[in-house]
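Observations on the model geometry
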Amino acid sequence: MPNYRLILTAIDLSDEASSVLDRAAGMAAQHSAELHLLHVVEPLSLAYGGDIPMDFSEVQLQLQKQAETALAKYAERLTIPAKRCHLLTGRPDAQIHELSKSLGADLIIVGSHGRKGLALLLGSTANGVLHGASCDVLAVRVGQHKKP
């Protein structure tokens with residue numbers, strides 16, 4: 001099996017992002033691959049369907065700034081240069097696909113909560129990434145307590 005050369009890791013900046021990043025850093029080291037970080041800020045208009053007649057631009061700007069700060073901290077922890085950190089706005093799965101293609105990524109790493117029931121029917125970012133990716137995808141299971 002050929003080594004991965006460029007790994008794109010998409011994180012949601014939650015507490016579980018560290019688990020995903022640890023796995024990504026290990027994979028990058030194992031394959032001597034270039035590691036890129038990505039966070040996608042979803043526009044509030046997507047979350048609310050654009051039906052609320054309010055101006056969310058200030059809140060959106062604050063979300064963007066918070067994401068920049070958090071992404072920079074994760075990158076610093078893993079000594080990833082700023083040029084390999086990407087902060088985009090839009091639908092996460094679509095932005096992940098677009099960036100992975102433009103970078104020539106051969107592996108995408110995302111976190112997966114292993115949703116069940118209604119959340120499974122509605123889909124998830126990891127599911128959307130998996131089904132539209134043009135390269136390998138590693139879904140790191142997060143949010144589950146390991147049994148002793």
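To start, this report covers the structure provided alongside it. As the structure is a prediction and not an experimental result, all values here were calculated from the model. (Residues numbered from 1 in each chain as written. Predicted model: local features only at pLDDT ≥ 70, side-chain atom pairs only at ≥ 80, totals over all residues. Heavy atoms only, no water.)

1. Quick word on the nonpolar core
One finds Ile 7, Ile 11, Leu 37, Ile 80 and Ile 109 to be the most contacted residues of the largest nonpolar core, which totals 22 residues. Those elements that place two or more of their residues in this core are α1 (17-31), β2 (34-41), α3 (57-77) and β4 (107-112). In terms of residue count, α1 provides more of this core than any other element does, six residues in total. If we skip the residues at most four places from it in the chain, Ile 80 touches Leu 35, Leu 37, Ala 75 and Cys 85. Counting 13 residues, the second-largest nonpolar core is a separate cluster that includes Ala 105, Ile 108, Ala 126 and Cys 135. (Core = buried A, V, L, I, M, F, W, Y, C linked by side-chain atoms within 4.5 Å. Buried < 20%, exposed > 50% of the residue type's maximum accessible area, 1.4 Å probe, protein only. Helix = DSSP H or I, 4+ residues; strand = E, 2+ residues; numbered from the N terminus. Contact = heavy atoms within 4.5 Å.)

2. Considering the environment of Gly 132
Relative to the helices and strands, Gly 132 resides in helix α6 (residues 125-132). On the basis of relative accessible area, Gly 132 is assigned to the partly exposed category, the value being 31%. Here the alpha-carbon distance between Gly 132 and Ile 96, two residues 36 residues apart in the chain, equals 9.6 Å.

3. Observations regarding the sheet that holds strand β3 (residues 85-89)
Read from one edge to the other, the open sheet built from five strands follows the order β3-β2-β1-β4-β5, with strand pairing classed as parallel. Each edge of the sheet is formed by a strand with only one pairing partner; in this case those strands are β3 and β5 (136-141). With direction set aside, neighbouring strand axes in the sheet form an average angle of 25°. In this sheet, β5 lies alongside β4 in parallel orientation, the contact comprising six bridges. (Pairing = 2+ DSSP bridges. Axes fitted to C-alpha atoms, helices over the stretch in contact; angles between N-to-C directions.)

4. Considering the side chain of His 97
Positionally, His 97 belongs in helix α4 (residues 92-103). Judged by its relative accessible area of 13%, His 97 falls in the buried class. A distance of 3.4 Å separates the side chain of His 97 from the backbone nitrogen of Ala 133, its partner in a polar contact. Once you skip the residues sitting within four places of it in the chain, His 97 turns out to touch Gly 128, Val 129, Gly 132 and Ala 133. (Polar contact = N/O pair within 3.5 Å; in protein donor to acceptor, adjacent residues only side chain to side chain.)

Interpretation in functional terms is not warranted from these geometric data alone.
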